[in-house]
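Spelled out from the first residue to the last, the chains are:
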Amino acid sequence: NATEMDITVESSVDYSTNTSSARRNRKGGGVANQLRLTKTWKAVFTGRVVFIICLAAVAAGLGTASWLLFRNSEEELGEQQFQAIAERAINGSQAIVVRKRLGTISMVSVLSSLFPKAEEGVSASGFEGWPFVYMDGYEEVAQNIIATSSGREMGFCPLVYPDQLSDFETHAYDWFLNLRQSQPPFPDSVANSSFGQGIWQPGPDGRAHVTDGSTSWGSPYEIVTPILQHNLGAHPALMLNLHFNPTRGVMIDNIITCVNQSITNGDSIDHCLGGAVTDMINLTSQTEDPGPSALLFEPIFPAFDNRTLVGLLASSIAWRESLEDVFNEDVSGVDCVLTTPGNTFTYGVRDGVPYDRGYGDLHDSSYNHLRHNITLTPDDLFSEFSTTYQLEMYPNSEFFETYETNNPRNATIGAVCIIVFVSALFFVYDFCVHKEFDARQELLEAKRMFVRFVSHEVRTPLNTVCMGLELMQEEMVNAMDAARRSGTGNANKDSQDKKETKHTSTPKLQGEQLVGKTVKGEDAFEWLSLSQSVLNNAQASVDVLNDLLNYDKVQMGELSLELSVVSLWELLDSTVNEFRLAAQERKINLSLDFGDVAKAYGDSPELEPASKKTGVDQLSKSTQARRVVGDVVRLSQVIRNLVSNGLKFTPEDGGLSVLTRVEIVDAKAAPVEKTFKLSNGRKMILQREGVVFVDVTDTGAGMTPEQVETVFNDG
């Protein structure tokens, strides 16, 4: 029965002694080496490709990170700059609107003080009291106030009731054409319409004459608010009724309602004194369109009668003007969104100058997080019924273009160049190392080829020498036996030491036989001993060469096992017997024991009386018939090396034992089968029966733990 044995063999030996076979082996080894080098080159090439990809990824990542870092730094700088610019700009815009409001307050104070009582007036036409008033030098005073308050226009509008219209028109034109003292009279064409002189308002066919206080939009108050005086003097808007338009008229009505309710309720009218701003309108009397605008109405009360509303001061606000001079000349890319409850308009800023973009919120919503806003008409300066204006500022892409530089690009290029430079250094280094590696590889390959060549070429004649010595020994022994049988020589043989003391032989032999000589027994045995020594040394040299080849094959990955069915017990017995003579010469007790094997299989052998050991002959036939699958040469080589090494380091009078034991697989366990392909091409399916252990124990110095760790190292 053949049994699988768990064992690992490290190398194999090619025993061919033919030179052509050696050359074929060298050729085969070269092909195998070429294949191995090809695999190595492919692995190196793959590694380089992966390395290049990694470098490219690192370069891309580093370049992207550098670009993002610098770009984010520029964006952060731009955002910080915008915060400062927007904060200063919105505060400046609010300050302009507040100055306009303060300017109207100043002008109203002058008008209130000039006519401190409601019944007082200066009409030369015989009319007394408000609304029959005028202010001589109004243009000059208004212009000075506008210059200091960032104003635009100021119109003085007395509050005229329907029964006063005719008298007021007479009073107004008398003032325009005759009564102006500080300045020359207006031309005769001033405030003239297609219908002639009189209060007017826009109509479907141009200017329409106002004959009563009614409105087309349903005002509850029948009043007229004509512009009597304008800061520009003979302005086209003179005598225009501001109450005609709902946007303007509603704000006038709010002021009147607030005053009337306060008087009726006996409350203070202080909350009605605040300025009232209309929603967005278009100024129709301008030579150049200022864009969305508004009218600021300031109520006029006589200085000594602050509960009688007698007129209004109307001041125009062009909202674009509130954004002028609040930005530096180098500021561009800012969106200013002006918002009321009913309208929204967007301005842009380029080179510090605002321009109209259009109605609606047109800013880029991606910059909402940078929003700055302020109320242009604060509650503490404007009445509760005034329209609230909110100003919001946002940057756009044009703003950040100012802060964009080439630094991100340069940083990206620099980072990539650094990676490329490092990569170039690496590849130069890799080229040098590869070149050195190739040179060393070629040198190593040359050494291997030299070792193989020498091993094969030297082993061939050594094998011939060994065969010649063996033949010579055989012929010498045959000749000595023939001489002894013929009685032609005298020989004495000691049965204890098996040494022949005298021997004379005169056989006639051809070629290698002894011819015509009489040889003494002592000399014949000396020649046999000498030839055996030469044979042993020659065989040792062959073994050394074989080991060199085996080591080279292991390194080259060319190890192969010649599997066959092996009688392990006989192999152990014959291999150990090879060392008995050497052990006897050194007085070392060498023993081989199969006792544990016999116990494992239930044998009851008769022990050898001298050694009390179980020899292979004491095993039962069934046990002796058990086999293992392995490489017989490798197995014998491993055993021989262990025994030889043990003898080498065992002192005289010491001992060396080889103990063989078997561990049988549990019968209850599932059977394990394995297929083997033998060296003769035959396949065998065997069931594992157990594990064979061979213990070689000697009485030598042994090895230190450090030496044990290096037993199976290369070399």
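Asker: Quick question: what am I supposed to make of the overall build of the chain here?
Answerer: A count of helical and extended segments in the chain gives 13 helices and 24 strands. Burial status across the chain gives 41% buried among its 715 residues. Contacts in the chain between residues at least 24 apart in sequence constitute 69% of all its contacts with a sequence separation of at least 6. Summed over all atoms, the accessible surface of the chain reaches about 38,300 Å², with 54% contributed by carbon and sulfur.

Asker: Even after reading the chapter, I still don't get the sheet that holds strand E2 (residues 153–158), so can you show me in this structure?
Answerer: Picture the strands of a sheet paired through backbone hydrogen bonds; they go either parallel or antiparallel. With respect to topology, 5 strands assemble into an open sheet ordered E7-E2-E10-E9-E8, the strand pairing being antiparallel. Each end of this open sheet is capped by a strand with a single partner; those strands are strand E7 (229–230) and strand E8 (276–277). Here 2 bridges tie E8 to strand E9 (residues 293–300), and the two strands are oriented antiparallel to one another. Considered in E9, the bridge of Val 277 is made with Leu 296. Running over the sheet, helix H2 (residues 138–149) touches E2, E7 and strand E10 (311–318) and is turned about 135° from E2. Against the sheet, helix H4 (residues 246–265) contacts E8, E9 and E10, and its axis sits at roughly 25° relative to E9.

Asker: Hey, could you run me through a nonpolar patch on the surface in this one?
Answerer: There is a patch of nonpolar side chains on the surface, built from Trp 41, Phe 45, Val 49 and Ile 53 and spanning about 400 Å² of accessible area. Following the sequence through the fold, Ile 53 ends up in helix H1 (residues 19–114). We classify Ile 53 as exposed; its relative accessible area is 53%.

Asker: Would you mind going over the packing of aromatic side chains with me for this structure?
Answerer: Think of a pair of aromatic rings as described by two things: how far the centres are apart, and how the planes are tilted against each other in angle. Using the criterion set out here, one finds 17 aromatic pairs in the structure. By the ring-pair criterion, three or more aromatic residues cluster together here, those being Phe 82, Tyr 367, Phe 399, Phe 400 and Tyr 403. Lying over the aromatic face of Phe 382, Arg 101 brings its terminal NZ or CZ to 5.9 Å of the ring centre. Its end group placed over the ring of Trp 200, Arg 207 keeps NZ or CZ at 3.7 Å from the ring centre.

Asker: How do you make sense of the state of the cysteines when you look at a structure like this?
Answerer: Note: disulfide means a covalent bond formed between the sulfur atoms of two cysteine side chains. Tallied over the entire structure, the rule returns 1 disulfide. Each sulfur of the disulfide joining Cys 258 and Cys 272 lies 1.8 Å from the other. Taking the sign of the torsion about the S-S bond as the criterion, the disulfide between Cys 258 and Cys 272, at about -80°, is left-handed. Of this pair, Cys 258 sits in helix H4 while Cys 272 sits in the loop between H4 and E8, and the two are 14 residues apart along the sequence. An identical accessibility class is assigned to Cys 258 and Cys 272; each is buried.

Asker: Please explain the confidence of the model for the chain as it appears in this structure.
Answerer: In this model, the chain carries a mean pLDDT of 82, and residues with pLDDT of at least 70 account for 85%. When the criterion is pLDDT under 50, residues 1–28 qualifies, and its contacts beyond four places in sequence or with other chains add up to 64 contacts. Below pLDDT 50 for its whole length, residues 488–516 participates in 54 contacts with residues either more than four positions away or in separate chains.

Asker: Is there a simple way to explain the side chain of His 363 in this structure?
Answerer: The residue His 363 is located in the loop between strand E13 (353–359) and strand E14 (372–375) in this model. Residue His 363 is classed as buried on the basis of its relative accessible area, which comes to 14%. Of the polar contacts made by the side chain of His 363, one reaches the side chain of Asp 361; its length is 2.5 Å. At 2.5 Å, the side chain of His 363 forms a polar contact with the side chain of Asn 368.

Rules behind the numbers
By convention here, each chain's residues receive numbers from 1 onward along its written sequence. Whole-chain, interface and lining totals are the exception, using all residues; otherwise, since this is a predicted model, local features are given only for residues with pLDDT of at least 70 and side-chain atom pairs are given and counted only at 80 or more. The basis for every side-chain value is the complete set of heavy atoms in the structure, and neither hydrogens nor water enter the calculation. Only DSSP runs of H or I reaching four residues or more are called helices, and only runs of E reaching two or more are called strands; each is numbered from the N terminus. With a 1.4 Å probe rolled over the protein chains alone, any residue whose accessible area is under 20% of its type maximum counts as buried; one over 50% counts as exposed, and the rest are partly exposed. Contacts: residue pairs with any heavy atoms within 4.5 Å of one another. Computed with a 1.4 Å probe, the accessible areas rest on the Shrake-Rupley method; for each residue, only the protein chains presented here act as cover. Only when DSSP finds a minimum of two bridges between them are two strands counted as paired. Axis definition: a line fitted to C-alpha atoms, limited for helices to the stretch in contact. Angles are taken between N-to-C directions and run from 0 to 180 degrees. A patch consists of residues whose relative accessible area exceeds 30% and which take part in no salt bridge; residues with like charges are grouped when within 9 Å of each other, and nonpolar side chains (Val, Leu, Ile, Met, Phe, Trp, Tyr) when within 5 Å. The term salt bridge refers to a side-chain nitrogen of Lys or Arg lying within 4 Å of a carboxyl oxygen of Asp or Glu. Only Phe, Tyr and Trp rings take part, Trp by its six-membered ring, and two of them pair if their centres are within 6.5 Å. Stacked means planes under 30 degrees apart, edge-to-face means over 60, and tilted covers everything else. Each ring is checked for a lysine NZ or an arginine CZ that lies within 6 Å of its centre and within 35 degrees of its normal; such an atom marks a charge sitting over the ring. Two cysteine sulfurs form a disulfide in these notes if their separation is within 2.5 Å. Summary of the metric used: pLDDT quantifies the predictor's per-residue confidence within the range 0 to 100. In the analysis that follows, any N or O atom pair within 3.5 Å is treated as a polar contact, provided that within protein one partner can donate a hydrogen and the other can accept it, and provided that, for residues neighboring in sequence, both atoms belong to side chains.

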